[in-house]
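Each chain, written out:
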Amino acid sequence: MDLVHIHFLLLSLLVIFSILAALNIRIIKAAILLAVVSLLTALILFLLETPLAAIFELSVCAGLITVIFISVISLTNPLTREERIEEKAKTLKRFVFLPGIVLVCAAAFYMLENSTNFIPIGASEIAVAQEGLWNSRQFDLIGQIIIILAGVFGVIVLFKDNKDDGGKK
Amino acid sequence: MTISLIFVPIILVILLNIPRLSGKTAYYAVLAFFIWQILSVFFPFTGSQQLAGLIGKVFTLNVYADGMSKIMIISAAIVGFVSLITSKAFSKYDSRLFSLSNLMLLSFAGINGLVFTKDIFTMYVFIEVIAAASYILISLDKKDGALEGGFKYLIISSIATVMMLFSISLFFLTAGSTGFAEISTAIRDFGGNPVILAAVMLFITGLLIKGGVIPFHSWLSGAYAEAPAGVSVFLGGIITKTVGIFALIRILYLVTGFNENIKMVLLITGALSIVIGAIMAVTQKDFKRVLAYSSISQVGYIVLALGAGTAFGVAAALFHVFNHAIFKSLLFVNSAAVEKQTGSLDVDSFGGLGYKMPVTSGTSAIAFLSAAGIPPFAGFWSKLLIILALWSAGYQGFAVLAVVASLFTMAYFLTLQKKVFFGELNPKLENVREAPLSLTACAIFLCALTIGVGLIFPYILNVFIFPAVGIM
C-alpha cells in the first residue's frame, strides 16, 4: 500500500466518521466520533509533514475539547427511549440532504483540482513561512487570550446560579 | 496609540477582577476608557503614546492606525459610551453591571485590534473576539428569547467563521503569508486562479454573513430584538458594522480590489438588502424589530456604495457607517426609553407618547429623518454621496433605486413615529413619564451629533472621510 492509498483511506474514514458524528443522536457517542475525526485529521497532518499542527490537533481537539464535551454531557440528563426514537426520525429528516452536499463538495474540489494551474508553494518554503508564522504571531496570541477571557465570563454569567444575581443591588 | 487602545481594556479587565471590584466601579472605569479612547485620537499626548512605548518594549505587534481605523474607533467609543449608560438604566443588580462592563471592555479590545490590523488571520482572530463577547452580551438576561437570539447568532456566525478560516488557508497557500500586502500581490499575480477566486469568494461571503446582509440576515432580527436594551444599542450601532462591514471595506480596499464580478455581487446584495430590509421593516410590530430590519436596509446602502468600486464609493460607505452608528444608536436608546417607561415594545399598543415623552419623541423624529436622508441631517449627506458615487461610476439604475428606497425608509419610519409618538394618547399610558435623565441625555447627545455632523459635513469629509481613502 503506497502513500496515495493511505491518504485515500484516511480521507474516506474522515468523511465517514464526520457524517456519523453529525447523525448520531447520542451526544456522548457524537463527541467520541468527533474525537476520532480529530485523530484522523492529526494523522493526515503528520503525513503532510506538518507535525506542529498535528500535535495541536491531537492535544487540543482530540484531547482537551473531547474531555470538556464529555464533562459537560455528564452533567445533562440522557434522553428516554421514546425521546431517542422520536429524535432519530427528526435527525434523519434534518440531514436528508447531507450525503448530497458531501458529494457536491467532493465534485467541486475534484474539478477545482483539475482546473487549477496553480503550483502550491514548495515544502521548504512552507517550512520558512511556518517559522515566520509562529515567530510573528504575538498579536494573534493576545486575541486568543481575550477569547478565553470572554469564554470565562460567558461561563460565569450564563451558568452561574440565578440566586447569585440577588447580591448587591 | 494603537497598542495602548488594545492593551488598556485587557489591563482594566484584570484590574477590575483581581481583586473583584463593584459593578459601579467597573461601570465608571469603562466610561472613562471610552472618553479616553476618543481623546487619544484627537490628542495623542493624553497618555496613549507613552503607554504604547512601554508596551512596545515587551510586545512586537504589527499594527498601525490610519484614517479608516480612526473613524471606527471614534464611532465605537461613542456607541459604547451610550450603550453602557443605557444598560445601567436597566441593570437591577451590581453583578450584572459588572459582567456587562467587563464584556464591553473585551469587545473593545477586539474592535480596536480589528481596526488596527493589516493581517487577514489577525483580523479573523479579532472578529472572533468580538463575536464571542457578543454571544454572551446578547444572552446576558438569560431570557428564552435572548438565549435563542444568541444561539442563532452563534450558529450562523460559525458558518461564516468556517468559510473565512478555509479562505485564509487558501490565501496562505497561494501567498505564503497572511499579510494584506502579500495576499494583494498574490491576487494580482494569480488573479484568475480558481483557488484564489474560491478564497476571495469565501471570505467576502463570510463577512456578508457577519454583517447580516440579505440573504444572510436570518440571525440579525432575533439578536437585535431579544438582546438587553443597552446591548441592542451596541450591536445595532457598532458590532455588526465592525465585524461585517468595516472588515469588508478593509478587505476590498486593501486586499482584493474591485473587479466587475465583485462589484456586481456587492451591487445586487446591497440593492436586495435595501429593498427587502425596508419591506420587512414595514410589516413589523415590535419597535426593536423595525429598527433591526431598518439596519439591514441601511447596511444595504453601505454595500451598494462599495459596489461602485471607486475611492469615492468607499468614502461614501465609510461616512454612512459613521452616520448609521450615530442615528441607529439614537433610535435604539429611544426604544430602550419607551420600553423602560411603558414595559412594552409593541408599536400597536402605543399612541400619543410624544405628549408624555417629548424629548424621546423629538430626538426619534430627528433620527428617523436622518435615516431617511432628509437634509440637513448627517444621513442626508452620506446618502447623497452614495448616490453620487454610484452615478459617477456608471450605475445610474442603482443610484435611482437608492433614491426610491429612501422613500420606503421614510414611509416605515413615519409610520413608526405616528404609531408610537403621535395621535391620541392611549388611556393606558396616562401615567407614563419622560425617560430617566441618563437616557434622555444620551438621546440629546446623539441627536446633537446627528445635527452637528450634518451642519459641518464639509469639515468631516475633508478632515476624516476623504483622507482615509486617499482622496484629497
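Our subject is the structure that appears above.
First, a word on scope: everything that follows refers to the structure included in this document. (Residues numbered from 1 in each chain as written. Chains lettered and ligands numbered in written order. Predicted model: local features only at pLDDT ≥ 70, side-chain atom pairs only at ≥ 80, totals over all residues. Heavy atoms only, no water.)

1. Considerations on the overall build of chain A
Line of reasoning, step 1. Across its full length, chain A carries seven helices and zero strands.
Line of reasoning, step 2. Its helices and strands in sequence order give chain A the pattern α-α-α-α-α-α-α, from N to C terminus.
Line of reasoning, step 3. Split into buried and exposed, the 169 residues of chain A put 21% on the buried side.
Line of reasoning, step 4. Look at the contacts in chain A between residues 6 or more apart in sequence, and 60% of them connect residues 24 or more apart. (Helix = DSSP H or I, 4+ residues; strand = E, 2+ residues; numbered from the N terminus. Buried < 20%, exposed > 50% of the residue type's maximum accessible area, 1.4 Å probe, protein only. Contact = heavy atoms within 4.5 Å.)

2. Description of the pattern of salt bridges
Residues and elements named next belong to chain B.
Line of reasoning, step 1. For the coordinates displayed, the defined rule picks out nine salt bridges over all chains.
Line of reasoning, step 2. Among the salt bridges present, the one from Glu 430 reaches Lys 356, with a minimum N-O distance of 3.5 Å. Note that Glu 430 is positioned in the loop between helix 18 (396-420) and helix 19 (437-455) and Lys 356 in helix 15 (residues 353-356), a separation of 74 residues in sequence.
Line of reasoning, step 3. Glu 430 gets classed as partly exposed once you look at its relative accessible area, which sits at 43%.
Line of reasoning, step 4. Relative accessible area serves as the criterion here: at 24%, Lys 356 is assigned to the partly exposed category.
Line of reasoning, step 5. A network of salt bridges, in which partner residues are shared, links Asp 66, Lys 118 and Arg 250. (Salt bridge = Lys/Arg side-chain N within 4 Å of Asp/Glu carboxyl O.)

3. Overview of the nonpolar core
Generally speaking, soluble globular proteins have nonpolar side chains that are buried together.
Line of reasoning, step 1. Membership of the largest hydrophobic core comes to 191 residues, with the highest contact counts inside it found for Phe 203, Phe 234, Ile 238, Ile 249, Phe 319, Leu 353 and Leu 416 of chain B.
Line of reasoning, step 2. Apart from residues lying up to four places away in sequence, Leu 353 of chain B is in contact with Val 338, Thr 342, Val 420, Phe 421, Leu 425, Leu 429 and Val 432 of chain B.
Line of reasoning, step 3. With five residues, the next largest nonpolar core counts Leu 14, Val 37, Leu 40 and Ile 44 of chain A among its residues. (Core = buried A, V, L, I, M, F, W, Y, C linked by side-chain atoms within 4.5 Å.)

4. Remarks on unusual backbone geometry
Residue and element names in this part refer to chain B.
Line of reasoning, step 1. The omega angle of the peptide bond from Ile 214 to Pro 215 is 10°, so this bond is cis rather than trans.
Line of reasoning, step 2. Residue position: Pro 215 is located in the loop between helix 9 (194-211) and helix 10 (220-226).
Line of reasoning, step 3. Each neighbour pair has its own omega, and for Pro 375 with Pro 376 the value is 10°, a cis peptide bond.
Line of reasoning, step 4. Considering the arrangement of structural elements, one finds Pro 376 in the loop between helix 16 (358-372) and helix 17 (378-392).
Line of reasoning, step 5. Look at Lys 142: it is not a glycine, yet its phi comes out positive at around 60°.
Line of reasoning, step 6. On the basis of relative accessible area, Lys 142 is assigned to the partly exposed category, the value being 22%.

5. Considerations on the side chain of Ser 364 of chain B
All names here are of chain B.
Line of reasoning, step 1. By secondary structure assignment, the location of Ser 364 is in helix 16.
Line of reasoning, step 2. Separated by 2.9 Å, the side chains of Ser 364 and Asn 334 make a polar contact.
Line of reasoning, step 3. Setting aside residues up to four positions removed in sequence, Ser 364 forms contacts with Leu 331, Asn 334, Gln 417 and Phe 421. (Polar contact = N/O pair within 3.5 Å; in protein donor to acceptor, adjacent residues only side chain to side chain.)

6. What to know about the packing of helix 14 (residues 311-342) of chain B against helix 20 (residues 457-468) of chain B
Residue and element names in this part refer to chain B.
Line of reasoning, step 1. As a packed pair, helix 14 and helix 20 sit with axes 10 Å apart at the nearest point and diverge in direction by 120°. Relative to helix 20, helix 14 is oriented oblique. Judged by the twist between their axes, the crossing of helix 14 over helix 20 is right-handed. Of helix 20, the residues touching helix 14 (which contributes Phe 312, Ala 315, Leu 318 and Phe 319) are Phe 457, Ile 460, Leu 461, Ile 465, Phe 466 and Ala 468.
Line of reasoning, step 2. Here the residues of the contact of helix 14 with helix 20 are counted per class, giving ten nonpolar, no polar and no charged. (Axes fitted to C-alpha atoms, helices over the stretch in contact; angles between N-to-C directions. Parallel < 35°, antiparallel > 145°, perpendicular 65-115°, else oblique. Left-handed = near helix turned anticlockwise from the far one by under 90°. Nonpolar A, V, L, I, M, F, W, Y, C, P; charged D, E, K, R; others polar.)

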